[in-house]
Amino acid sequence: MQRRKLLFAVGTILGAGAVGAAGWRVATGSAAAYATSMQSLRRPLDAAAGPGEWLRYATLAANGHNTQPWLFRVAPDAIQVLPDPARRTPVVDPDDHHVWASLGCAAANLEIAAAASGRIGITRFVADAEALLQFEHEPGPARESPMFTAI
């Protein structure tokens, strides 16, 4: 009788472990899915790139603690880069220095990617009711640079 209880308990534990492992596998995805996702992020810039393509490059920017603390607003001739308060890390960055450095990196990547697809512009800080960075752009000659290649 004792042996049956022991075998039942071991079987239950192994079964629960298998279910847990299968659930974890489904939740995390596969290495192949990850590789496909990374490959799509790293694909070359589309020749007729628009703001969506530039933003893809912007999101590859360096950022503090890998939090991607930015939000983007797209208008016809400008893209705003705003801090995302939900992604703050107040324990390690109480004054939001790293948040703003990350926004600067995203804006720089945005400016470089836009220039590579023929939109030249400048990024400026806008200190109104809602502090943000704004990239204002217009048509111009495509300029691919070593920095673009590095991104």
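Data block above holds the structure.
Presented here is an overview of the structure given in this document.

Rules used throughout
- Residues numbered from 1 in each chain as written.
- Predicted model: local features only at pLDDT ≥ 70, side-chain atom pairs only at ≥ 80, totals over all residues.
- Heavy atoms only, no water.
- Phe/Tyr/Trp six-rings, centres within 6.5 Å; stacked < 30°, edge-to-face > 60°.
- Helix = DSSP H or I, 4+ residues; strand = E, 2+ residues; numbered from the N terminus.
- 1 Å grid on protein atoms, 1.4 Å probe; cavity = no way out; pocket = protein on both sides within 12 Å on 5 of 7 lines; lining within 4 Å.
- Points joined across faces, edges and corners; volume = space filled by probe spheres on them.
- Nonpolar A, V, L, I, M, F, W, Y, C, P; charged D, E, K, R; others polar.
- Salt bridge = Lys/Arg side-chain N within 4 Å of Asp/Glu carboxyl O.
- Buried < 20%, exposed > 50% of the residue type's maximum accessible area, 1.4 Å probe, protein only.
- Pairing = 2+ DSSP bridges.
- Axes fitted to C-alpha atoms, helices over the stretch in contact; angles between N-to-C directions.

### Remarks on the packing of aromatic side chains
Thought 1: Inspection of the entire model under this criterion finds three aromatic pairs.
Thought 2: Arranged with centres 6.4 Å apart and planes meeting at 45 degrees, the rings of W70 and F72 form a pair that is tilted.
Thought 3: Summarising the aromatic geometry, the rings of W100 and F125 are spaced 5.8 Å apart at their centres and angled 75 degrees between planes, so their arrangement reads as edge-to-face. Of this pair, W100 sits in helix 4 (residues 97–116) while F125 sits in strand 3 (residues 119–126), placing them 25 residues apart in sequence.

### A look at empty space enclosed by the protein
Over the atoms a probe the size of a water molecule is rolled, and this reveals where empty space is left.
Thought 1: What the rule picks out here adds up to one cavity of 30 Å³ or more.
Thought 2: There is about 40 Å³ of room inside the largest cavity.
Thought 3: Every residue lining the largest cavity is listed: G64, H65, T67, P69, R87, T89, D93, H98, V99 and S102.
Thought 4: Residues of the lining of the largest cavity, tallied by class, amount to two nonpolar, six polar and two charged.

### Here we look at the pattern of salt bridges
Thought 1: As enumerated under the stated definition, the model contains seven salt bridges in all.
Thought 2: Across the pair E130 and R73 runs a salt bridge, and its minimum N-O distance is 2.9 Å. Of the two residues, E130 sits in the loop between strand 3 and strand 4 (132–139) while R73 sits in strand 1 (residues 70–75), which places them 57 residues apart along the sequence.
Thought 3: Owing to a relative accessible area of 38%, R73 belongs among the partly exposed residues under this scheme.
Thought 4: Residues participating in the shared-partner salt-bridge network are R43, E53 and R56.

### Looking at the sheet that holds strand 4
Thought 1: Within the open sheet, the four strands sit side by side as 1-2-4-3. Their pairing is antiparallel. The open sheet terminates on both sides in strands that have one partner only, identified here as strand 1 and strand 3. The mean angle between the axes of side-by-side strands here comes to 20 degrees, regardless of whether they run parallel or antiparallel.
Thought 2: Examined bridge by bridge, strand 1 and strand 2 (residues 78–83) share six bridges and lie antiparallel to one another.

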